[in-house]
Amino acid sequence: MSLYELIRLRSEYETVRDYLNKMINILSKSSVLDNISKAQNCLSSNYLVDDNACKYNKIGNRKEEIRSNISKLRSILRDVEREINDLTRAIESYEEE
């Protein structure tokens, strides 16, 4: 692989890293999970059908899905960081030659 290709590839991985960080930051904001909790409380208190809270559990499942997705995104981010580090080392060794 040429130096140009290594630098281009590292730049692409850095762009992916930036987008992953943005996604993680947005999903990790307390306001996202707080809003879901508020909706859950509102449904359990005010939206009863036959004295059962409808959709309450489904909203709770979404909170868990968001947490799971954040974890998956962090795992992907670690892999991307490793690739960036590998490419940086390859670029440095290429430039030393």
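Calculation notes
- Residues numbered from 1 in each chain as written.
- Predicted model: local features only at pLDDT ≥ 70, side-chain atom pairs only at ≥ 80, totals over all residues.
- Heavy atoms only, no water.
- Helix = DSSP H or I, 4+ residues; strand = E, 2+ residues; numbered from the N terminus.
- Buried < 20%, exposed > 50% of the residue type's maximum accessible area, 1.4 Å probe, protein only.
- Contact = heavy atoms within 4.5 Å.
- Areas by Shrake-Rupley, 256 points an atom, 1.4 Å probe, with all protein chains shown as cover.
- pLDDT = per-residue confidence, 0-100.
- Core = buried A, V, L, I, M, F, W, Y, C linked by side-chain atoms within 4.5 Å.
- Patch = residues over 30% accessible without salt bridge, like charges linked within 9 Å, V, L, I, M, F, W, Y side chains within 5 Å.
- Salt bridge = Lys/Arg side-chain N within 4 Å of Asp/Glu carboxyl O.
- Lys, Arg positive; Asp, Glu negative; His and termini not counted.
- Charge placed at Lys NZ, Arg CZ, Asp CG, Glu CD.

Observations regarding the overall build of the chain
Along the chain, the regular secondary structure elements total 3 helices and 2 strands. Listed N to C, the secondary structure of the chain is α-α-β-β-α in terms of helices and strands. Across the 97 residues in the chain, those meeting the buried criterion constitute 19%. Taking contacts inside the chain between residues at least 6 apart in sequence as the whole, the part at least 24 apart equals 75%. Split by element, the accessible area of the chain, about 7100 Å² in all, is 48% carbon and sulfur.

What to know about the confidence of the model for the chain
Summing up the model confidence of the chain, the mean pLDDT is 85 and the portion of residues at 70 or higher is 86%. For the chain, strand β2 (residues 52-53) is the element with the lowest average pLDDT, namely 58, and helix α1 (residues 3-28) is the one with the highest, namely 95.

Some details on the environment of Ile-24
Positionally, Ile-24 belongs in helix α1. We classify Ile-24 as buried; its relative accessible area is 6%. For the pair Ile-24 and Asn-69, spaced 45 residues apart in the sequence, the C-alpha separation amounts to 8.8 Å. With sequence-adjacent residues up to four places away left out, Ile-24 is seen in contact with Ile-70, Leu-73, Arg-74 and Leu-77.

Considerations on the nonpolar core
Residues Leu-20, Ile-24, Leu-33, Ile-36, Leu-43, Ile-59, Ile-66, Ile-70, Leu-73, Leu-77, Val-80 and Ile-84 constitute the largest nonpolar core, which totals 12 residues. Only α1, α2 (30-46) and α3 (56-96) provide two or more residues apiece to this core. With 7 residues, the top contributor of residues to this core is α3.

Remarks on a negative patch on the surface
On the surface, Glu-92, Glu-95, Glu-96 and Glu-97 cluster together into a negatively charged patch. With respect to the element layout, Glu-92 can be found in helix α3. According to the relative accessible area criterion, Glu-92 is partly exposed, its value standing at 43%.

Brief notes about the pattern of salt bridges
Throughout the structure, instances matching the rule amount to 7 salt bridges. The salt bridge involving Arg-82 is made with Asp-79; its shortest N-O contact spans 2.2 Å. Of this pair, Arg-82 and Asp-79 both sit in helix α3, 3 residues apart, which is roughly one turn of the helix. By relative accessible area, which is 48% here, Arg-82 ends up partly exposed. Taken together, the shared-partner salt bridges in this structure form one network comprising Arg-17, Asp-18 and Glu-81.

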